[in-house]
Amino acid sequence: MTPRFILFASAALIAAPQFALAQRATEQYTYRCTGSDGKKYYGSTIPNACIGRPLELINKQGLVVKRIDPEGDEKARIAKEAEAEKKREQDAASKDAQRRNRALLATYTSEKDIEDSRARDLRNHEKGVQEVQRRIEDLKKRQAQFQKELDLFATSGKGQPPTRLKEEITNAQIDLKAQETLLDAKRKEEVGINARYDEDKRRYKEATGRK
């Protein structure tokens, strides 16, 4: 084997891949699709009737070398993004639950601690309820006093009651309505307090592995 032959063979080996790439680059492909009218459309570039529709890429031998489905690809992309968003939400929820459980275990050392805290909050809540009830009783007493004054004017023939008395009656009615609304809200708060501690107790059992 002569040095000239070896040199020629080496050059051929080097040139072969480059020639194959050049041949592939010049190879012609045809786009094919089925239009919305049911007809087949062909073109060396994507026909207008094929835009946004599933495509087939055909080589010179008439073989399908690639299929393109813009709508399917878009649906797959949207589904993938939705799945990723769902996973992010689940991960965030899991991290938040872990954080809350750590805070719960740092707050309570036993179920008794939870019940003691519940009882303390309920006592404070009851004090608030009683305070509102006292204000309501005071307002009702004031209204009774105002009514006596009105009756006095009516029976004494002194004419119309003074503007001051009318304003005080109106203000007492407004204040009484506000306090009664507050009392209703306070009574509902008790349900929320118990529900919160019930949930803390459930999570505490879950975090500590207790049934």
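Preceding this section is the structure that the text describes.
The structure contained in this document is the topic of the report that follows. All values reported here derive from a predicted model rather than from experimental measurement.

So, how was this worked out
Residues numbered from 1 in each chain as written. Predicted model: local features only at pLDDT ≥ 70, side-chain atom pairs only at ≥ 80, totals over all residues. Heavy atoms only, no water. Salt bridge = Lys/Arg side-chain N within 4 Å of Asp/Glu carboxyl O. Helix = DSSP H or I, 4+ residues; strand = E, 2+ residues; numbered from the N terminus. Buried < 20%, exposed > 50% of the residue type's maximum accessible area, 1.4 Å probe, protein only. Pairing = 2+ DSSP bridges. Contact = heavy atoms within 4.5 Å. Polar contact = N/O pair within 3.5 Å; in protein donor to acceptor, adjacent residues only side chain to side chain. Axes fitted to C-alpha atoms, helices over the stretch in contact; angles between N-to-C directions.

**Quick look at the pattern of salt bridges**
The full count for this structure, using the stated rule, is 17 salt bridges. The residue Asp96 makes a salt bridge to Arg99 at a minimum N-O spacing of 2.6 Å. With Asp96 and Arg99 both in helix 2 (residues 70–107) and three residues apart, this pair spans about one turn of that helix. Taking relative accessible area as the criterion, Asp96 reaches 33% and is therefore assigned partly exposed. By relative accessible area, which is 45% here, Arg99 ends up partly exposed. A cluster of three or more residues bridged by salt bridges with shared partners is formed by Glu115, Arg118, Asp198 and Lys201.

**Some points on the pairing of strand 2 (residues 40–43)**
In this sheet, strand 2 lies alongside strand 1 (residues 30–34) in antiparallel orientation, the contact comprising four bridges. Each residue of the ladder has a partner; that of Tyr31, found in strand 2, is Gly43. Here strand 1 hands over to strand 2 after five residues, with Gly38 in that stretch at a positive phi of 90°.

**Observations regarding the environment of Arg32**
Relative to the helices and strands, Arg32 resides in strand 1. Between the C-alpha atoms of Arg32 and Cys50, which are 18 residues apart in sequence, the distance is 7.8 Å. When neighbours within four sequence positions are excluded, Arg32 is seen to be in contact with Tyr41, Tyr42, Pro54, Leu55, Glu56, Ile58 and Val64. Looking at Arg32, its side chain comes within polar contact range of the side chain of Glu56, at 2.5 Å.

**Quick notes on the pairing of strand 4 (residues 64–68)**
Sheet analysis places strand 3 (residues 55–58) next to strand 4, joined by four bridges and oriented antiparallel. Paired with Leu55 across the bridge in strand 4 is Ile68.

**So, the sheet that holds strand 4**
Judged by pairing direction, the sheet is antiparallel, and its four strands sit side by side in the order 2-1-3-4 without closing on themselves. Each edge of the open sheet is held by one strand with a lone partner, namely strand 2 and strand 4. Pairwise comparison of adjacent strand axes, ignoring direction, gives a mean angle of 25° for this sheet.

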